[in-house]
Amino acid sequence: MRREGWEARLAAAIDAALNEPYVLGENDCLRLACAAVDALTGTDYWPRFAGYRTHRQALVTIARIAPSLGEAVTATLGVQPASPRAALRGDLLLFRDDVGEDHLGVCIGRDVVLLAADGAITTGIDDARLLCSWRIG
């Protein structure tokens, strides 16, 4: 269930992430996704993932939970994935970039924002690179 005032907390979490440099394991797509869930529900999943500093370490951390990032999100949230177009503001989405790397994004209406090594990415909810979404709260 979404807590009262989640809209302001979500906006603050996204603004904070976008105004800091990308640092793997500190300010990246997984950290943003955890901050969004915390803003909406008060549940902080970040301690389950924290501690990685390299791409390889991130993959090992995810693999301890499930074989892929998407499956790790499903296992962590206990929510089955849905169509990206079903996403509402605050929901998480899985984005696969042009080189096959997966990233988590946060729905901000008809757009999705995510962090990648090249910087923040904003794309439309109908982007074919969005694979699925998870309802938060």
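For the structure given in this document, a descriptive report is provided here.

Definitions and limits used
For every chain, the first residue of its written sequence is number 1, and the numbers climb from 1 along that sequence. Reporting in this predicted model follows two pLDDT cut-offs: at least 70 for local features of residues, and 80 or more for side-chain atom pairs to be given and counted; totals over whole chains, interfaces and linings ignore these cut-offs and use all residues. Only heavy atoms go into the side-chain values, all of them from the structure, while hydrogens and water stay out. Type-normalised accessible area, obtained with a 1.4 Å probe on protein chains alone, sets the label of each residue: buried when under 20%, exposed when over 50%, and partly exposed for intermediate values. To qualify as a helix, a DSSP run of H or I must reach at least 4 residues; to qualify as a strand, a run of E must reach at least 2; elements of each kind are numbered from the N terminus. The salt bridge definition used is simple: a Lys or Arg side-chain nitrogen within 4 Å of an Asp or Glu carboxyl oxygen. All axes are obtained by fitting lines to C-alpha atoms, using only the stretch in contact for helices, and the reported angles, taken between N-to-C directions, cover 0 to 180 degrees. Roughly parallel covers angles under 35 degrees, roughly antiparallel covers those over 145, roughly perpendicular covers 65 to 115, and oblique covers all other angles. Definitions for this section: a left-handed crossing has its near helix turned counterclockwise from the far helix by less than a right angle. A right-handed crossing has that turn clockwise. Contacts are assigned to residue pairs that have any heavy atoms within 4.5 Å of one another. Amino acids are sorted into nonpolar (Ala, Val, Leu, Ile, Met, Phe, Trp, Tyr, Cys and Pro), charged (Asp, Glu, Lys and Arg) and polar (every other residue, Gly among them).

Describing helix 5 (residues 69-77)
Counted residue by residue, helix 5 has seven buried out of nine residues, so it is predominantly covered. Where helix 5 terminates, the next one or two residues include Gly78, which has phi positive at roughly 70°.

A few points about the pattern of salt bridges
In a structure, side chains of opposite charge can pair up when their charged atoms sit close to one another. All chains considered together, the criterion is met by six salt bridges. When the shortest N-O distance is used, the salt bridge between Arg53 and Glu26 registers 3.7 Å. With Arg53 in the loop between helix 3 (46-49) and helix 4 (55-63) and Glu26 in the loop between helix 1 (6-18) and helix 2 (29-41), the pair connects residues that are 27 residues apart, well separated along the chain. With a relative accessible area of 46%, Glu26 lands in the partly exposed category. Between Asp102 and Arg96 there is a salt bridge, and its shortest N-O distance comes to 2.7 Å. Judged by relative accessible area, which is 36%, Arg96 ranks as partly exposed. The structure contains a network of salt bridges with shared partners spanning Arg2, Asp91 and Arg135.

Focus on the packing of helix 1 against helix 2
Between two packed helices, both the angle of their axes relative to each other and the distance between the axes serve to describe the pair. Contact pair helix 1 / helix 2: the axes reach a minimum separation of 8 Å and the direction vectors enclose 160°. Relative to helix 2, the element helix 1 is oriented roughly antiparallel. Two packed elements cross with a definite hand, and for helix 1 against helix 2 that hand is right-handed. Residues Trp6, Arg9, Leu10, Ala13, Ile14 and Ala17 of helix 1 form the contact with helix 2, whose own contacting residues are Leu32, Ala35, Ala36, Ala39 and Leu40. Looking at side-chain class alone, the contact of helix 1 with helix 2 contains 10 nonpolar, no polar and one charged residues.

Shape is all these values report; function is a separate question.
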